Each structure stands twice: as structure tokens, then as C-alpha cells.
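Breakdown of the fold
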Amino acid sequence: MTQFPTDDLVAPFAIEEQPVRGRAARLGPAIDQILTRHDYPEPVANLLGEACALAALVGSSLKFEGRLIVQAQGSGPVAYVVADYDTNGALRGYCRFDAERVAAASSGFVRRGARSLLGEGVFIMTVDPGPGMERYQGVTPIEGETLALCAETYFAQSEQVPTRVRLAIGQADTGEGAHWRAGGLLIQNVAEDDARGSTQDAWTRAQALFETVGEDELIDPTISTQTLLWRLFHEDGVRLFSATPLSGFCRCTEERVIGMLMAFPPEERADMAKDGRIEVTCEYCSRVYALPVDAVG
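Residues numbered from 1 in each chain as written. Predicted model: local features only at pLDDT ≥ 70, side-chain atom pairs only at ≥ 80, totals over all residues. Heavy atoms only, no water.

This brings us to the overall build of the protein chain. Summing up its helical and strand segments, the protein chain has 10 helices and 14 strands in all. Considered along the principal axes of its C-alpha atoms, the protein chain spans approximately 70 × 45 × 40 Å. The buried share of the protein chain, taken over its 297 residues, is 49%. A sequence separation of at least 24 residues applies to 63% of the contacts in the protein chain between residues at least 6 apart. Accessible surface, the protein chain as shown: approximately 14300 Å² in total, 49% of it carbon and sulfur. The distance from the centre of the 26 positive side-chain charges to the centre of the 42 negative ones in the protein chain is 1 Å. (Helix = DSSP H or I, 4+ residues; strand = E, 2+ residues; numbered from the N terminus. Buried < 20%, exposed > 50% of the residue type's maximum accessible area, 1.4 Å probe, protein only. Contact = heavy atoms within 4.5 Å. Areas by Shrake-Rupley, 256 points an atom, 1.4 Å probe, with all protein chains shown as cover. Lys, Arg positive; Asp, Glu negative; His and termini not counted. Charge placed at Lys NZ, Arg CZ, Asp CG, Glu CD.)

Listed below in C-alpha cells is the structure:
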């Protein structure tokens, strides 16, 4: 397998001569940038980090230029979490939450996950092929305490593809202080056919090996993607294919903000103004736009 960088990549892989395919994602500076733009409580940062890793894993399977949006929303302390991946490898994400409710829900020693933070709600995956093209959206209930379990339910119900997902998020000291890291692993069973025959035994074996991966391995900066996959599947052989680099980004621009403000009636824009300017803060990257009122009509 070709030597890969350790961080900020997503890559497909295949178990040799077995009907099992997968993808691996490793996030370092990209996820640290996304999470440190906001003062998220740790449980909220964990949830968003998982969402970004999941968006990279699923979005990297798109065969066309576009976007994959992972979103979950509910009645819990976190109103919604969203992660946006485009096929160039650009990622962004955001959480909206009630700090007091998050603190109350996070008391004790148990790490709170998707169900505890989001409550009753829905898990959504949206494929956006771009301007002029129709979006595809799948919706399933939030089930399980992790976004990985939500994704597995989504694939079982919406895609009918046997899928297993592991996600991890945490902080690690890479020699320059503690920084956020995230990782993910996804495997899927290739459907049986007349030529291939039954794939169930191979899928059962792959899942058993998959279960042995630890969350610490998924985010350890000293363990490469090649090493991780070799640890899991070396008995059968594993082939790692070309990786897509990942980066944190935001689509906000002054032109987009002006366009958004222009959608409001003049009297509402006047109410937004203070000292002749309208201030808008991007939810994703926290950039503040201070625009003269006359710049937006």
C-alpha cells in the first residue's frame, strides 16, 4: 500500500478476494479548526466531530461532483448538528445547542451521545448534486446513542445495504499541545449474486474483525491508515486505494451575506442596523461581517 499522510484524508479500501468494501477517514488539523472556531462544550464538540467524520466517510463515495450533508435534529439539549462535505474534500460543521441543558444532561460519568443530546428526532442524509439538480434526502429516526448507530440504521432502512460504522473523536497531544482529532471506519457488504454466491460468511467474519478496532486507534496520530487496516484485516489481505485530502472550509462570502440580507424587507433590515451597520456572524466559521446599511439596499 502506498504511503499516505497520517491526517486529513478519506480513502476507500477492499478486503482482498472478499465481498467487503470500506472507507477510512482520519482528521487532524481540519477537525481542530472546525471545532475550535466555537466554544463548544465537550459533549457538543464530540457530537460534531463524529458528524464530520461520518460526512467524510459517506460523502467520499459520491461518483459525481456535489455535496453530502449529514444532519440530526431533535428535542434535546442539542437542537441540531450538521456536517457538510463536498467532493473536493472540504468539510464544515455546526451545532446549535442550549448550554444549560447540555450541562445538565452531561452530569455524571457516562459520556453522553447522540440520543441523550438530541433527544427524540430524526437523522438525515442529503445528497446535493449541485445547481439545477434535484436533491435526494433520506430520513430515519434517531436510534442508538451514537451517530454511528444512526448511520447503520439509515443504511439498513433507506439503502438496504448492510453497513457497519465506527467513529471516534478526542484530543491528543501531537507535541504542540492538545488538539482535536477524529477518525472513522465504514465497511459494507457487497450483495450476493449468481457469480459471487452467498456473501454472508465473509460479512460475518469482516464484522468480527471490525469490532476489534478501538476508538483510540482511530484517532492516534502515530498509527497510519495503512497500519490500522493491516491490524484489522491482514489475515485476508487489504488493499487501500487513493485518498482524498480533507480540509476545513466555509462557503460564506460578503456577496452571499448581502444576498441573504436582501431577502428581508427594508424595514426589517433597518431594525437590524446599529450605528449604520448590520452585523452578521457566520454560524459555521464565526466570521463577522459588518456591512453598511446602504450596501444592502
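Moving on from the model shown.
If you check helix H2 (residues 42-59), its first and last C-alpha atoms are 25 Å apart, about what 18 residues at 1.5 Å a residue would give, namely 26 Å. Counting buried positions along H2 yields 17 of 18 residues, so the element is predominantly enclosed. (Expected span 1.5 Å × (residues − 1).)

Under the defined criterion, the tally for this structure stands at 15 salt bridges. Here Glu16 ties to Arg239 by a salt bridge, and the two come within 3.3 Å at their closest N and O atoms. Of the two residues, Glu16 sits in the loop between strand S1 (9-15) and strand S2 (20-27) while Arg239 sits in strand S10 (residues 238-240), which places them 223 residues apart along the sequence. Residue classification places Glu16 among the partly exposed residues on the basis of a relative accessible area of 29%. Between Glu152 and Arg164 there is a salt bridge whose closest N-O contact spans 3.1 Å. Of this pair, Glu152 sits in helix H5 (residues 147-159) while Arg164 is found in strand S8 (residues 163-173), placing the two residues 12 residues apart along the sequence. Like Glu152, the residue Arg164 is buried in the burial classification. (Salt bridge = Lys/Arg side-chain N within 4 Å of Asp/Glu carboxyl O.)

This part takes up the packing of H2 against H5. Packing of H2 against H5 brings their axes to within 10 Å, and their N-to-C directions diverge by 35 degrees. Contacts between H2 and H5 involve Leu47, Glu50, Ala51, Leu54 and Val58 from the first element and Leu147, Ala151 and Phe155 from the second. For the contact of H2 with H5, a count of residues per class yields seven nonpolar, no polar and one charged. (Axes fitted to C-alpha atoms, helices over the stretch in contact; angles between N-to-C directions. Nonpolar A, V, L, I, M, F, W, Y, C, P; charged D, E, K, R; others polar.)

Now for the sheet that holds strand S3 (residues 67-74). Across the sheet, which stays open at both edges, the six strands sit in the order S7-S6-S3-S4-S5-S12 with mixed pairing between neighbours. The sheet terminates laterally at strand S7 (136-141) and strand S12 (247-248), the two strands that pair on one side only. As paired strands, strand S5 (residues 90-97) and S12 are joined by two bridges and run parallel to one another. Paired with Ala90 across the bridge in S12 is Ser247. Sitting on the sheet, H2 touches S3, strand S4 (78-86), S5 and strand S6 (121-128), and the angle it makes with S4 is about 35 degrees. (Pairing = 2+ DSSP bridges.)

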